[in-house]
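Listed here are the chains, written in short residue letters.
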Amino acid sequence: MNETHAQSTSERRELIAFCIGEQEYCVDIMAVREIRGWSPATPLPQTPDYMRGVINLRGAVLPIMDLAARLGLPTSETTVRSVIIVIKVDERMVGLLVDAVSDILSITEDLIQATPDVACDRVRSFIRGLITMEGRMISEIAIERLLPELEALAA
Amino acid sequence: MMRILTVDDSRTMRDMLRLALVKAGFHVIEAVDGVHGLEVLGQANADVIITDINMPRLDGFGFIEAVREDDAYRATPILVLTTESDPAKKNRAREAGATGWIVKPFHPEKLVEAIRRVAA
Amino acid sequence: MDELEEIKATFFQECDELLGDLEAGLLQMEAGEGDSETVNAVFRAVHSVKGGAGAFGLDALVRYAHVFETLLDGVRSGSIEAAPELVRVLLRAADVLADEVQAARTNGRADEHETASMVAELEAWIAGEPLGAEPVVAPAAAKPAAPPAAADEDDFGFKPMAVLIPDVAPIDEAPAKAGWTVTFKPAASLYAKANEAGRLLRELGRLGPVEVELDDADLPPLDALKPEEAYLSWTVRLEPEVDEQAIRDAFEFVDGDCELTISREDGANEETDLAALLASLSAAPAPGPAPLEVEIAPLAPAPVAVAPVESAPIRAAAPAPAAGRAAVDHAPPQATIRVDPERIDRLIDLVGELVINQAMLAQRVVQHGFAPSSDIAMGLDELEQLTRGIQDSVMAIRAQPVKSVFQRMPRLAREVASQIGKQVRLVMEGEGTEVDKTVIERLSDPITHMLRNAIDHGLETPSERIAAGKPPEGVVRLAALHRGGRIVIEVEDDGRGINRQRVRQIAIDKGLLAADATLTDEEVDNLIFLPGFSTANAVSDISGRGVGMDVVRRSVQALGGRISISSRPGEGSTFTLSLPLTLAVLDGMVVDVAGHTLVVPLTSIIESLRPKPEDVRPLGPTGAVLAVRDSYVPLVDVGSVLGFRKSSVAPSEGVVLLVEHEDGGRAALVADVIQGQRQVVIKSLEANYRQVEGIAAATILGDGRVALILDVDAVVAMRRREPRAPEPTLHAAE
């Protein structure tokens, strides 16, 4: 499970936590390039519904993925609090549209638990593990799995 | 600072020479073949010339002969840089007026040593 | 060692160029067009590869290049005749050299067996006994294979030098062992080569304490003195500990230009003025810009009452270097500079941003109601022109000749031809044609494909050709040229041409064409690009490689390019590929479609129209055509094809762009409003996302938002597909 993040259990990692509806998720801060407010995206034809389109990120064309839709959760209207978390996976940048940023966590690897079987396969496949903290449950997104879809049609 | 003109059609070799010579404290100017070498000498002086033999347009022999015909460069030391193992080639270079020679691949110390031997 | 690594990278770059030159030269020789300079250039290429490889200790490469070079040296000197069969061997040897270079580049190993057998073949030619061929060697040729490269050093390389240890030398007592006596009489030729007695004496001085005696007995009276002659000789005594070889080495460069004796004998301890002079000289290296003068001074023989200038020939030849030439104290202008390509890419990106910013500014100026004649609007116009100028110049920096792609093709042609038993001569033209780097990188695949196709399908076998009254060797011409602001690549063969009957039948059999369709010859030829068209029984593994021409066409279209074929039965076929000169900018028409802003490449637009309702005729269940003058053109509602709206709008309510697509056909694209023409900076969707069908790329408009650039050919193709999939969902099911 952790082969891509072979870290010792004592090594601390920082994560950015954010809300999608009532749920909390997080991503490794090392993958985050920046966090910016929502601006209208230019829709792309012939793309899945969780692709909101593309925006101009200082001259680069950045695809925006509605993370709620990607995870199969109900999507909500974008608000002033909506943010785009720009992450880099391999050589690609993608913006994740989420409801709001909630926290920055500093954890050790042993705090991460495996995802229980109750979750549906789609959600499980995007979750690296669960973190329990101060009574909250925060799921870490396996960002590299959000993206293989990108390759599907290009090949 | 002593100024050295290197004449070689190989960019790799020019770069190698430059690296070794600059490290040894020389000022380096470059030309890509004999014709270019003469042009460069027309614009800037050189204290020592290092030249390849096999070059397009004007080869090392022709270049050396032309340099020696120029009064300004009759006394300028010219080192021939070559992998040629043929002694006849070495003699041709000498007949053309080469002062000495350096065998490729060269060690930077030996290059500098050769320059010291022929130059002030 | 970073610098060395950098030079190594340069070396491999240079190798690519040299290998290209090598092949080009050999091909010229093969075509019988080579002269002695061609042979020299071919030799030089291999020689330079070897030289550089030696510098980096790439021994395998040195060894192979050495054998190759030895054979070429024989050809160059005329001792081995450049017969056609030899040139063919040399071409294959060049391929092996390329493999060896590649192996060295990747720290890998080339095919040892291939290299060994090539070496054996080359050595056989060097020995005058080519393997499996009649010897074609001039009498004097039987020259043994040269020894390995290491022998080079032995011949006239440097020997280890004695270490300079003047301080350690004993100061006092007479040596127990006899010291060295060196007598040395320079000939005039020594000075003519810019060697100097003074420097040789200095070299000896480095070996230990020396005593120097000048013999000026031969010096003629002043009126008989010839400036070019050498009159002086020296006797130098050295300590017995000095190594004889070190003494000989000091005279290495002047061997033959002086009389030299080196012997051991008792020396008298006479101090001479010259020795003192010399000692002071070697102790203090000459500073300043005119070292020659200081150096030469000791040569002036003291007793002679002439100026030193006359007595030493060297001196006469050397004018004061300080004044005149020192003024030009900068390096001469160099022909080229080398820049990290990333820096140029960055510059191009920045200029792209500048163009966008300029456009944004211009848009705001209009929004704020400034008149076009106002100072600020006019200033902006000038800014726009400057920006364009900068952009063009920057793009020109990155332009590269197509040579880098072309030079890989002769080998491909040889390999393909030999695999399928055909004979081919590849003729290349316009290798110097320049295009932007972004395009160069994308040319290789389509050219490779077209070339394979031309040899595999286009050319006949030698026996078929002879039967058809053609020479057994086919000719394929690969050419690059600029035409209409695009780069055009042509691949032309003199083969059999397209069998239209058969192509047509295949298309009908595969359901790609109605049996009763009437097509022009050109349309039939271009059927081979249809998706699903694969002349299965003719596709060998050569051109096949699992990819049909439809895929080639798709990838070319994705770049805003076109590809087509024309054919003359019995005479051959011509593939024509055209691409924009750059993939960085594009002139486009900005239009609104269903609330979306789209950019349509100007190169595909023939004209824009406002159709009257009566010009639009329905055709079939959902289709419609537009009457344009005498012909009917299919209407394509861009908004519904891209899924921006559910149902088509009436073309008469919007505007229609008449476009030409790749096979020469026309279509009428329906849009709502034309905003205007603009040059846009092309931004890849693939960099961060992927290709999107119907969209060629994206750009950023003056308001900072992303707009999509339409892929005209794809949109037209999507419209054609529609009837077969009556209810296309917005996102295709996975």
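Residues numbered from 1 in each chain as written. Chains lettered and ligands numbered in written order. Predicted model: local features only at pLDDT ≥ 70, side-chain atom pairs only at ≥ 80, totals over all residues. Heavy atoms only, no water.

Visitor: Help me understand the overall build of chain B in this model?
Guide: The secondary structure content of chain B amounts to 5 helices and 5 strands. Starting at the N terminus, the α and β elements of chain B follow one another as β-α-β-α-β-α-β-α-β-α. Of all 120 residues assigned to chain B, the portion counted as buried reaches 66%. The long-range share in chain B, meaning contacts at least 24 apart out of those at least 6 apart in sequence, stands at 63%. About 3900 Å² of surface is accessible on chain B, with carbon and sulfur atoms providing 50% of the total. (Helix = DSSP H or I, 4+ residues; strand = E, 2+ residues; numbered from the N terminus. Buried < 20%, exposed > 50% of the residue type's maximum accessible area, 1.4 Å probe, protein only. Contact = heavy atoms within 4.5 Å. Areas by Shrake-Rupley, 256 points an atom, 1.4 Å probe, with all protein chains shown as cover.)

Visitor: Explain the pattern of salt bridges to me, please; I cannot follow it from the model alone.
Guide: In a structure, side chains of opposite charge can pair up when their charged atoms sit close to one another. Residue and element names in this part refer to chain C. Counted according to the given criterion, the structure contains 50 salt bridges over all chains. The salt bridge partner of Arg414 is Glu23, with a shortest N-O separation of 2.7 Å. Placement of the pair is Arg414 in helix α18 (residues 409-420) and Glu23 in helix α1 (residues 2-30), with a sequence separation of 391 residues. As far as burial versus exposure is concerned, Arg414 and Glu23 are alike and both buried. One salt bridge in this structure joins Lys50 and Glu69, with 2.7 Å as the shortest N-O distance. With Lys50 in helix α2 (residues 36-55) and Glu69 in helix α3 (residues 59-77), this pair connects stretches of sequence that are 19 residues apart. Look at the salt bridges and you will find they share partners, linking Glu23, Asp95, Asp99, Arg411, Arg414 and Glu415 into a network. (Salt bridge = Lys/Arg side-chain N within 4 Å of Asp/Glu carboxyl O.)

Visitor: Hey, could you run me through the environment of Glu123(C) in this one?
Guide: With respect to the helices, strands and loops of the structure, Glu123(C) is situated in helix α5 (residues 112-126). On a C-alpha basis, the gap between Glu123(C) and Phe68(C) in space is 8.5 Å, while along the polypeptide they are 55 residues apart.

Visitor: What am I meant to see in the packing of helix α5 (residues 108-118) of chain B against helix α8 (residues 197-205) of chain C here?
Guide: The angle between the axes and the distance between the axes are what describe a pair of packed helices. The N-to-C vectors of α5(B) and α8(C) enclose an angle of 125°; their axes lie 8 Å apart at closest approach. The orientation of α5(B) with respect to α8(C), classified from their angle, is oblique. Residues Glu113(B), Arg116(B), Arg117(B) and Val118(B) of α5(B) form the contact with α8(C), whose participating residues are Arg199(C), Arg202(C) and Glu203(C). The class makeup of the residues in the contact of α5(B) with α8(C) is 1 nonpolar, no polar and 6 charged. (Axes fitted to C-alpha atoms, helices over the stretch in contact; angles between N-to-C directions. Parallel < 35°, antiparallel > 145°, perpendicular 65-115°, else oblique. Nonpolar A, V, L, I, M, F, W, Y, C, P; charged D, E, K, R; others polar.)

Visitor: I tried to follow the confidence of the model for chain B on my own but got confused; where do I start?
Guide: In low-pLDDT regions, the fine details of the predicted coordinates are not to be read closely. Across chain B, the average pLDDT comes to 85, with 96% of residues at 70 or higher. Helix α4 (residues 87-96) of chain B is the least confidently modelled element of chain B, averaging 81 in pLDDT, while strand β1 (residues 3-7) of chain B averages 92, the highest of any element. (pLDDT = per-residue confidence, 0-100.)

Visitor: Is there a simple way to explain the interface of chain C and chain A in this structure?
Guide: Across the boundary between the two partners, chain C contributes 26 residues, which contact 26 residues of chain A. Between chain C and chain A lies a buried interface of about 2300 Å² when both sides are counted; carbon and sulfur atoms form 59% of it. Per-residue buried area on chain C facing chain A is highest for Asn688(C), Tyr689(C) and Arg690(C); these three make up 34% of the total on that side. Between the two partners, chain C and chain A, sit 0 salt bridges. Contributing elements (two or more residues each) for the side of chain C that touches chain A: β21 (695-700) and β22 (706-710) of chain C. Sort the elements by how many residues they give to the side of chain C that touches chain A and β21(C) lands first, with 3 residues. Considering only residue class, the side of chain C that touches chain A consists of 14 nonpolar, 6 polar and 6 charged. (Buried area = accessible area lost by both parts, 1.4 Å probe.)

Visitor: Help me out: how do you make sense of the nonpolar core in this one?
Guide: Within soluble globular proteins, side chains that are nonpolar tend to cluster in buried spots. In terms of nonpolar packing, the biggest core is built from 88 residues, with Leu5(B), Ile50(B), Ile115(B), Leu22(C), Phe68(C) and Leu97(C) touching the most fellow members. Here this core takes 11 residues from helix α4 (residues 84-105) of chain C, the largest share from any one element. Setting aside residues no more than four positions away along its own chain, Leu5(B) makes contact with Ile29(B), Glu30(B), Ala31(B), Gly37(B), Val40(B), Leu41(B), Ala46(B), Val48(B), Ile49(B), Ile50(B) and Phe63(B). If you look at the next biggest cluster of nonpolar residues, it comprises 74 residues, including Ile143(A), Met589(C), Val655(C) and Val712(C). (Core = buried A, V, L, I, M, F, W, Y, C linked by side-chain atoms within 4.5 Å.)

Visitor: Explanation requested: the packing of aromatic side chains in the structure shown.
Guide: The way to describe two aromatic rings as a pair is by their centre distance and the angle between their planes. In the structure shown here, the tally under the stated rule is 7 aromatic pairs over all chains. Joined through ring pairs, the aromatic side chains of Phe11(C), Phe12(C) and Phe56(C) make up one cluster. The ring of Phe253(C) carries the charged tip of Arg117(B) above its face, separated from the ring centre by 4.7 Å. It is Arg76(C) that lies over the ring of Phe43(C); its NZ or CZ is 3.6 Å from the centre. (Phe/Tyr/Trp six-rings, centres within 6.5 Å; stacked < 30°, edge-to-face > 60°. Lys NZ or Arg CZ within 6 Å of the ring centre and 35° of its normal.)

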